[in-house]
Amino acid sequence: DLRMSRGLGDVYKRQVIDEAKAEGTEKLLDEKPLQIMLVENSITTIGDGGHVILDFGREIAGGVRILVHQAALTAQMRLRLGESVGECCAELGEKNSQNAHAYRDLTVPVISLSDSAFFDSGFRFLRIDVVGGEISLKSVVAEVLDSEVNIQGSFECSDPLLNDIYATAARTVELCVRRGVLWDGIKRDRLVWIGDIYPELLSLENLTDDLSPVVRSLDLVKEQTPADQWMNGIPMYSMWWMIILREYYRRTGDIEYLAAQKEYIDGLLRSIDAYVSEDGNTHFKSNLVDWPTHDTPDEPAGVHMIAVAAIDAAKEIMEYLGADATLCEKISKKLSAREFEVEEKKQIIALKDFALGNITDTEKEKLLTGGAKGMSTFMSYFLLSAIDRASDTSRALEIAKEYYGGMLKMGATTFWEDFDIDWMQEAAPLTRLPEEGEKDIHGDFGAYCYLGYRHSFCHGWSSGVLPYLVERVLGVKVENGGDTVRISPSLGGLTWVKGDVPLKKGVLHIEIEDGKMKVKVPYGVKLICGRIVR
């Protein structure tokens, strides 16, 4: 019941990675009819105090199904899921190990001749501990939840690492579309944090033509939040809501949906206006750009740039609707009275580039210094795009490979809530326990709400590298509600690249090699081709 991930091949294999007081554990890997019988010829026995750890080979959204043949009347199983080996071996509370948003640590009685399903979470590893008597198992399988996404987008190029990075980012987003909305993560933060899903939207619109999960997420948070309050309790998240709404319209041209939001946007603009003074400073009671910049000297600059981008989005929406944009212009004028020079944080420099379209030479130098040091998973789309504009595509791709390739080296099969390349120093991969002198890449890092094993290893916001590859390397820019496409590829030293990009009128196909470009464009879509930058 383990379907292979698109583009990732058969590299991920199910295996037993640890056992004690257990016999025949290799039989758990055999394919068998998933029906318990009175007589079973292929069983695994785990004695009292014994355990087995299974690696399902990749991050999974779902649960586990356990077929028990025989069990002592007093036997119990402790079942622990983990996104890393360390997490599935941790006690509750150890390195912040928790049952948070979804159960991952349960103790249950064992019943002979039973077939039972447990959990609905995000995991790769399962540890089964037995207490109170011996048990015999027929099968232990992962029950993988069906994808809610019809994947149509693709990306391939001459660099295998970039292909793996794209496929892993795509799988991350695919798993985080759950119950019709966009979740932050599939283990922890199974919530609609509207300020977090902009990169997820950018990824999703390059993977599928069905953006209904975006609409449901926008509506869900809006319905819970009066316009004089802040979405998810954070002012910046209400601003991101408007930025997301604009991007959704740019892609779909859904004017009816856009018009239905006007009254709410009017109220939201009045709320924002009250917190922006004439000197351009903002006075929100709480600020958040991303966790690595929280409470740093650069955070106010980041908040300012989100506000600028949000008001620009609102103004553009009003223009689409033929509505009065006077309040947008008033707030924008106030914000323009304040200028910032970003002191340190690369993601704030990238946000400045996104909001204003320019950064200073000093900021550019800071952005390009240190390679992938200072990167942020949530801000990766903005960072890679800004690095590309400040330098070139080749440099941005090298940083993407250093950063996302670092997670892959550590055993990632989906991308994480946060990552710093310095964590890799003397750290064991997530596929085994650390040896003496090594760090635990999962349990020893993280911060704020994602400290230690609470850290989510499948987080939709970390997929920003995917839209960067589509927009810059394939060079696809969708305009006019999906009726116009501009293609201006920048290969960054790659010898060939090809891909599919879903549009509302069909799938756009592009192949570029030897300085030549072949394009298949859906009927009714206007195509504007630029030159290929090698």
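None of the values given here were measured: they were computed from a predicted structure.

This paragraph deals with the side chain of Arg80. Relative to the helices and strands, Arg80 resides in strand β3 (residues 76–82). Classification of Arg80 by relative accessible area gives buried; the value is 3%. Polar contacts involving the side chain of Arg80 include one to the main-chain carbonyl oxygen of Ala90, which spans 3.2 Å. Dropping the residues within four chain positions of it, Arg80 is found in contact with Cys88, Cys89, Ala90, Glu91, Arg104, Asp105, Phe125, Leu126, Arg127 and Asp129.

A few words now on the pattern of salt bridges. Enumeration according to the criterion identifies 35 salt bridges in this entry. The partner of Arg78 in a salt bridge is Asp105, and the shortest N-O contact between them spans 2.8 Å. Pair noted here: Arg78 is in strand β3 and Asp105 is in strand β4 (residues 105–109), with a separation of 27 residues, a long-range link. By the burial criterion, Arg78 is buried, and Asp105 matches it.

Once that is clear, we can look at the layout of surface pockets. The computed volume of the largest pocket comes to approximately 860 Å³. Lining the largest pocket are 28 residues; nearest its centre among them are Arg250, Tyr381, Arg389, Glu471 and Lys477. At the level of elements, α3 (198–204), α5 (235–252), α8 (299–321), α10 (346–356), α12 (380–390), α14 (465–473) and β12 (476–479) are the ones that each hand at least two residues to the lining of the largest pocket. Of the residues belonging to the lining of the largest pocket, the class tally is 11 nonpolar, four polar and 13 charged.

It is worth spelling out a negative patch on the surface at this point. Taken together, the side chains of Asp18, Glu19, Glu26, Asp30 and Glu31 make up a negatively charged region of the molecular surface. Relative to the assigned elements, Glu19 resides in strand β1 (residues 15–23).

The subject of this paragraph is the nonpolar core. One finds Ile194, Trp241 and Ile272 to be the most contacted residues of the largest nonpolar core, which totals 138 residues. If you tally residues by element for this core, the top one is α8, at 13 residues. Here Trp241 is in contact with Ile194, Leu218, Lys222, Met231, Gln261, Tyr264, Ile265 and Leu268, once residues within four sequence places are set aside. Leu28, Leu54, Leu81 and Val130 belong to the second-largest nonpolar core, a separate cluster that totals 28 residues.

A word on the sheet that holds strand β15 (residues 506–513). Strands sit in the order β7-β14-β15-β16 across an open sheet of four strands; the sheet is antiparallel. Taken across any chain shown, the strands that pair with only one partner, and hence form the sheet edges, are β7 (154–157) and β16 (516–520). Within the sheet, the average angular offset between the axes of one strand and its neighbour, ignoring direction, is 10 degrees. Alignment of β15 against β16, held across five bridges, turns out to be antiparallel. Counted as the bridge partner of Glu513 is Lys516 from β16.

With respect to topology, three strands assemble into an open sheet ordered β12-β13-β17, the strand pairing being mixed. If you trace the sheet from one side to the other, it starts and ends with β12 and β17 (526–529), each paired once. Mean inter-strand twist for the sheet, computed between neighbouring axes without regard to direction, equals 20 degrees. Across four bridges, strand β13 (residues 484–487) lies against β17 in parallel orientation. Residue pairing for β17: Thr484 is matched across the bridge by Lys526.

What counts and what doesn't
- Residues numbered from 1 in each chain as written.
- Predicted model: local features only at pLDDT ≥ 70, side-chain atom pairs only at ≥ 80, totals over all residues.
- Heavy atoms only, no water.
- Helix = DSSP H or I, 4+ residues; strand = E, 2+ residues; numbered from the N terminus.
- Buried < 20%, exposed > 50% of the residue type's maximum accessible area, 1.4 Å probe, protein only.
- Polar contact = N/O pair within 3.5 Å; in protein donor to acceptor, adjacent residues only side chain to side chain.
- Contact = heavy atoms within 4.5 Å.
- Salt bridge = Lys/Arg side-chain N within 4 Å of Asp/Glu carboxyl O.
- 1 Å grid on protein atoms, 1.4 Å probe; cavity = no way out; pocket = protein on both sides within 12 Å on 5 of 7 lines; lining within 4 Å.
- Points joined across faces, edges and corners; volume = space filled by probe spheres on them.
- Nonpolar A, V, L, I, M, F, W, Y, C, P; charged D, E, K, R; others polar.
- Patch = residues over 30% accessible without salt bridge, like charges linked within 9 Å, V, L, I, M, F, W, Y side chains within 5 Å.
- Areas by Shrake-Rupley, 256 points an atom, 1.4 Å probe, with all protein chains shown as cover.
- Lys, Arg positive; Asp, Glu negative; His and termini not counted.
- Charge placed at Lys NZ, Arg CZ, Asp CG, Glu CD.
- Core = buried A, V, L, I, M, F, W, Y, C linked by side-chain atoms within 4.5 Å.
- Pairing = 2+ DSSP bridges.
- Axes fitted to C-alpha atoms, helices over the stretch in contact; angles between N-to-C directions.

Such coordinate-based values are descriptive only and should not be taken to indicate function.
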